[in-house]
Amino acid sequence: MTPIQRTIIGKKTDNPPIWLMRQAGRYLPEFREIRKKNPDFINLCLNENLSSVITLQPLERFELDAAIIFSDILMLPYGLDQEVKFKKNFGPQLGPLDLNRISKIDEVDFVEKLYPVYKSIKKVSENNLIKNKNLIGFIGAPWTLLVYMINKHSPKKELIKDFFKDEFLINRILKILEKFLKLHIDHQIKNGATIIQIFDSWAGLLKEKDLPNYVYIPTLNLVNYVKSLNIPIICFPRGVKNYKNYCDIVKPDAINIDYNVNPISICKEINIPIQGGLDPKILLTDKENLKKEAKRYLDIFKDHPYIFNLGHGVLPQTEPNMVDYLVKMVKDY
Ligand code: 1CP
């Protein structure tokens with residue numbers, strides 16, 4: 001059993017396993033080198049030779065316990081034939097959402113469109129670097145995908161004014177997403193993903209009263225599906241105010257906390273394995289500060305099943321030697 005799997009079933013490991021969200025990405029010069037020659041991000045995700053190399057790049061450098069497949073949560077709307085583009089200095093830009101068209105998408109066509117993602121997973125799973133480590137497959141939660149599909153761009157500033165206007169559309173899309181997300185999970189697992197993580201990056205946009213309909217119920221269906229396949233499921237409902245409620249209702253095998261969560265209280269409140277928390281901005285400071293802050297998380301969770309990770313993705317400005325320092329520090333703890 002791998003260190004992450006041991007931690008997820010609540011067993012002790014010598015030191016906490018570690019991997020980092022966005023560990024493959026723009027802070028690595030070897031990634032930027034490939035990215036420069038591949039200006040189309042979706043095409044890069046669909047190039048199984050390159051995406052498998054990129055997935056393994058952080059494992060070549062650091063003693064991490066998992067690789068996360070180089071892909072994107074927005075490959076799902078892409079698979080459903082909604083146009084998805086990544087614009088420089090802007091982020092994702094989606095095309096019109098045509099319910100009629102999406103309702104008619106054939107499962108075989110969907111899988112065919114995303115096939116390179118699955119082939120990439122297969123390639124990575126056959127590589128020696130992943131031995132005794134985990135390969136993390138992932139999806140965006142239905143709510144977060146819905147946000148991008150209806151809003152068409154990042155809701156960083158705000159959701160469009162009439163976002164909730166068309167309840168019929170929202171409910172139909174959530175159902176369609178559930179069906180295709182299951183298919184996407186299934187193919188990732190069949191090709192070698194050994195853990196699934198659900199990213200609900202915009203769960204924090206909702207008021208408490210809307211969480212059951214948009215977050216808890218749609219996510220619970222997927223969590224139960226992953227459990228039925230005997231694969232551990234980690235959830236990251238970024239920004240929700242009450243992580244305990246989320247865990248009690250959705251019941252993931254482990255929960256990733258964001259950097260606004262108080263680690264001391266959450267450690268007392270939640271009895272399932274916890275992952276993450278450290279603010280990625282700490283990696284932009286200095287080694288002394290990084291050591292102090294990382295040690296704080298390690299100390300707080302020393303008697304709780306804990307997977308070291310961040311409270312959001314590695315920032316592009318991060319120096320790789322800071323990541324190196326962090327990984328070594330966790331391994332030596
Ligand atoms: O080079 C580039 O310009 C592309 C930057 C980039 C990268 C490296 C994007 C565009 N996506 C990714 C990869 C990615 N995205 C991974 C790969 C594996 C790894 O972590 O190393 C994963 C797991 C994701 C997941 C993802 N994509 C999330 C959930 C996590 C989170 O960051 O909250 C979200 C919200 C996205 C959408 C997305 N894709 C890319 C960007 C810049 C964004 C965010 C847009 C926004 O701010 O709303």
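Values in this document were obtained by computation on a predicted structure and should not be read as measured data. (Residues numbered from 1 in each chain as written. Predicted model: local features only at pLDDT ≥ 70, side-chain atom pairs only at ≥ 80, totals over all residues. Heavy atoms only, no water.)

Draft legend 1. Quick look at the pattern of salt bridges. The tally for this structure, following the rule as stated, stands at 20 salt bridges. Lysine 165 is paired through a salt bridge with aspartate 162; the nearest N and O atoms lie 3.6 Å apart. For lysine 165, a relative accessible area of 64% puts it in the exposed group. A relative accessible area of 41% places aspartate 162 in the partly exposed class. Salt-bridge contacts for glutamate 178 lead to lysine 175; the nearest nitrogen and oxygen are separated by 3.1 Å. (Salt bridge = Lys/Arg side-chain N within 4 Å of Asp/Glu carboxyl O. Buried < 20%, exposed > 50% of the residue type's maximum accessible area, 1.4 Å probe, protein only.)

Draft legend 2. Broad picture of the sheet that holds strand β4 (residues 134–140). The strand order across the open sheet built from seven strands is β1-β4-β5-β6-β7-β8-β9, with neighbouring strands paired in parallel fashion. One side of each edge strand has no neighbouring strand; the edge strands of this open sheet are β1 (66–68) and β9 (306–307). Of the pairings in the sheet, the one linking strand β5 (residues 195–199) to strand β6 (residues 233–236) comprises four bridges and is parallel in character. Within the sheet, the bridge partner assigned to glutamine 197 lies in β6 and is isoleucine 234. (Pairing = 2+ DSSP bridges. Helix = DSSP H or I, 4+ residues; strand = E, 2+ residues; numbered from the N terminus.)

Draft legend 3. Spotlight on helix α12 (residues 243–250). Of the residues making up α12, those classed as buried are Tyr243, Tyr246, Cys247 and Val250. When α12 is viewed along its axis, its buried side chains cluster within an angular range of 95° and face the same direction. Packed against the buried residues of α12 are α11 (211–228), β6, β7 (254–256) and α13 (263–269). N-cap assignment for α12: the residue whose side-chain oxygen lies 3.2 Å from the backbone N of lysine 244 is asparagine 242. (Arc of directions from axis to C-beta. Contact = heavy atoms within 4.5 Å. Polar contact = N/O pair within 3.5 Å; in protein donor to acceptor, adjacent residues only side chain to side chain.)

Draft legend 4. Representation of the site of the ligand. Close contacts around the ligand come from 24 residues, with Arg35, Asp72, Tyr148, Ser154 and Ser201 the closest. Lysine 156 is positioned with one of its side-chain polar atoms (N or O) 2.9 Å from an oxygen atom of the ligand. Classifying every residue of the shell around the ligand by side-chain character gives 14 nonpolar, five polar and five charged. (Near = heavy atom within 4 Å. Nonpolar A, V, L, I, M, F, W, Y, C, P; charged D, E, K, R; others polar.)

Draft legend 5. Up close: the packing of helix α4 (residues 48–61) against helix α8 (residues 115–125). Two numbers describe how α4 lies on α8: the axes approach to 8 Å, and their chain directions differ by 50°. Here α8 runs oblique to α4, going by the angle between their axes. Relative to α8, α4 is oriented so that their crossing is right-handed. Listed contacts from α8 to Glu48, Asn49, Ser51, Ser52, Thr55 and Leu56 of α4 are Pro116, Lys119, Ser120, Lys123 and Val124. (Axes fitted to C-alpha atoms, helices over the stretch in contact; angles between N-to-C directions. Parallel < 35°, antiparallel > 145°, perpendicular 65-115°, else oblique. Left-handed = near helix turned anticlockwise from the far one by under 90°.)

Draft legend 6. Representation of the packing of helix α10 (residues 167–190) against α11 in the model. Close contact between α10 and α11 brings their axes to 10 Å; oriented N to C, the two are set at 25°. One element, α10, and the other, α11, form an angle in the roughly parallel class. For the element pair α10 and α11, the recorded crossing hand is right-handed. Only Asn213, Tyr214, Asn221, Leu222, Tyr225 and Val226 of α11 make contact with α10, whose side of the interface consists of Ile170, Leu174, Lys175, Glu178, Leu181, Lys182, Ile185 and Asp186. Classifying every residue of the contact of α10 with α11 gives eight nonpolar, two polar and four charged.

Draft legend 7. The arrangement of the side chain of histidine 187 in detail. Mapped onto the elements, histidine 187 comes out in helix α10. Overall, histidine 187 belongs to the buried group, its relative accessible area being 17%. Once you skip the residues sitting within four places of it in the chain, histidine 187 turns out to touch Val111 and Tyr118.

Draft legend 8. Geometry of the packing of aromatic side chains. One pass over the full model with this rule turns up 16 aromatic pairs. Taken together, a centroid distance of 6.1 Å and an interplanar angle of 65° make the contact between tyrosine 216 and tyrosine 246 edge-to-face. In this pair, tyrosine 216 sits in helix α11 while tyrosine 246 sits in helix α12, placing the two residues 30 residues apart along the sequence. Geometrically, the ring pair formed by tyrosine 306 and phenylalanine 308 is edge-to-face, given 6.0 Å between the ring centres and 80° between the ring planes. On the basis of relative accessible area, tyrosine 306 is assigned to the buried category, the value being 4%. Using a relative accessible area of 0% as the deciding quantity, one classes phenylalanine 308 as buried. Note that lysine 87 overlies the ring of phenylalanine 90, its terminal NZ or CZ placed 4.8 Å from the centroid. Over the ring of tyrosine 78 we find lysine 113, and its NZ or CZ is 4.2 Å from the ring centre. (Phe/Tyr/Trp six-rings, centres within 6.5 Å; stacked < 30°, edge-to-face > 60°. Lys NZ or Arg CZ within 6 Å of the ring centre and 35° of its normal.)

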